[in-house]
Amino acid sequence: MPPKKQPRDRPRSAGDARGDSYTRHSVLQTAQRAADLVNVLAAERVAPEDVVAVLREHGEADPLDVSREDVEQMRVVADSLRDVFAAPDVAEAASRLNRLLAEGSGTARLTSHDGRSPWHIHLDGDDEAPWSEWFLASSCMAMAVLIWDRQRPPGGVCAASRCTNVYVAGGSGAPRRYCSGRCATRERVASHRRSRPAG
């Protein structure tokens, strides 16, 4: 049984030092947290502190007890989620997501973590499920809702030649191709240099 954790859907409040107030994570925020975790877990060396930093950045409440074993299990989940982000179209993204939901998610249930957070849906086994199970279930649920809502893939893999980060797709407009403005600018500059005549 994993160590007792604080309710994971309770962000810290910048305006309340006691952390007594909380807000509900949106589907988009949950999907972005999934992308950020996939990216940090893809590093050649990743420590529990690296994962905890991402969790804190996304408003998860302390204490965050993440062990090296948790990290290794979360890396396996991250590889599976990367496959969903890398899907070439919405049908394939849905197919890959359905497989993950069938293999790794529990029955949908509502929880308020004994009144410590707003009511919300979980697909993991229980409120004290291991980090890897929570990561898979919460990420799959968010990406499934994005596919349902937008009828397009939930994200993609950065098209920059030297980047492998995943990203969450925008809601409308032209499909996104890069994980950040920095990667987009670097690719534009490189393309411009290649197109200039030699000499």
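In case you missed it, the structure is sitting above this.
Computed from a prediction, not measured in an experiment: that's the story for all the values here.

A count of helices and strands for the chain gives six helices and four strands. Going from the N terminus to the C terminus, the chain shows its helices and strands as α-α-α-α-β-β-α-β-β-α. The burial tally for the chain puts 43% of its 199 residues in the buried class. The contacts of the chain with a sequence gap of at least 6 include a subset with a gap of at least 24, amounting to 53%.

Another point: the side chain of S138. Note that S138 resides in helix α5 (residues 131-150). Here W134 takes part through its backbone oxygen, which lies 2.8 Å from a polar atom of the side chain of S138.

Side chains that are three or four residues apart share a direction in an α-helix, a result of its 3.6 residues per turn. Over its 15 residues, helix α4 (residues 90-104) runs 21 Å from end to end, which matches the ideal 21 Å to within 8%, given 1.5 Å per residue. Along α4, the residues that are buried comprise A93, L97 and L100. Taken around the axis of α4, the buried residues stretch over an arc of 60°, which confines them to a single face. Across from the buried face of α4, at angles greater than 90 degrees, the exposed residues are A91, N98, A102 and E103. The inward-facing, buried residues of α4 abut α3 (68-85) and α5.

Under the definition given, this model contains one aromatic pair. Taking the centre distance of 5.3 Å and the plane angle of 85° together, the rings of W131 and W134 count as edge-to-face. Of this pair, W131 and W134 both sit in helix α5, three residues apart, which is roughly one turn of the helix. Residue W131 shares its accessibility class with W134, and that shared class is buried.

Further remarks concern the pattern of salt bridges. What the rule picks out here adds up to four salt bridges. A salt bridge links R33 to E60, with the shortest nitrogen-to-oxygen separation between them at 2.6 Å. Separated by 27 residues along the polypeptide, R33 in helix α1 (residues 27-41) and E60 in the loop between α2 (48-57) and α3 bring together distant segments of the chain. The exposure class assigned to R33 is buried, which follows from its relative accessible area of 2%. For R56, the salt bridge goes to D62, with nearest N and O atoms at 2.9 Å. We classify D62 as partly exposed; its relative accessible area is 37%.

What follows concerns the state of the cysteines. A complete count under the given rule lists zero disulfides for this structure. Here C163 is not cross-linked by a disulfide; its sulfur's nearest cysteine counterpart is in C179, at 3.7 Å.

A general trend in soluble globular proteins is that nonpolar side chains are found buried together. Ranked by internal contacts, the top residues of the largest apolar core, which has 35 residues, are L37, L41, V51, L55, L81 and F135. Of all the elements in the fold, those that place two or more residues in this core are α1, α2, α3, α4, α5 and β4 (166-168). Here the element with the most residues in this core is α5; it accounts for nine residues. The residues touching L55, leaving out its near neighbours within four places in the chain, are L37, E60, L64, V66, W131 and W134.

What counts as what
- Residues numbered from 1 in each chain as written.
- Predicted model: local features only at pLDDT ≥ 70, side-chain atom pairs only at ≥ 80, totals over all residues.
- Heavy atoms only, no water.
- Helix = DSSP H or I, 4+ residues; strand = E, 2+ residues; numbered from the N terminus.
- Buried < 20%, exposed > 50% of the residue type's maximum accessible area, 1.4 Å probe, protein only.
- Contact = heavy atoms within 4.5 Å.
- Polar contact = N/O pair within 3.5 Å; in protein donor to acceptor, adjacent residues only side chain to side chain.
- Expected span 1.5 Å × (residues − 1).
- Arc of directions from axis to C-beta.
- Phe/Tyr/Trp six-rings, centres within 6.5 Å; stacked < 30°, edge-to-face > 60°.
- Salt bridge = Lys/Arg side-chain N within 4 Å of Asp/Glu carboxyl O.
- Disulfide = S-S within 2.5 Å.
- Core = buried A, V, L, I, M, F, W, Y, C linked by side-chain atoms within 4.5 Å.

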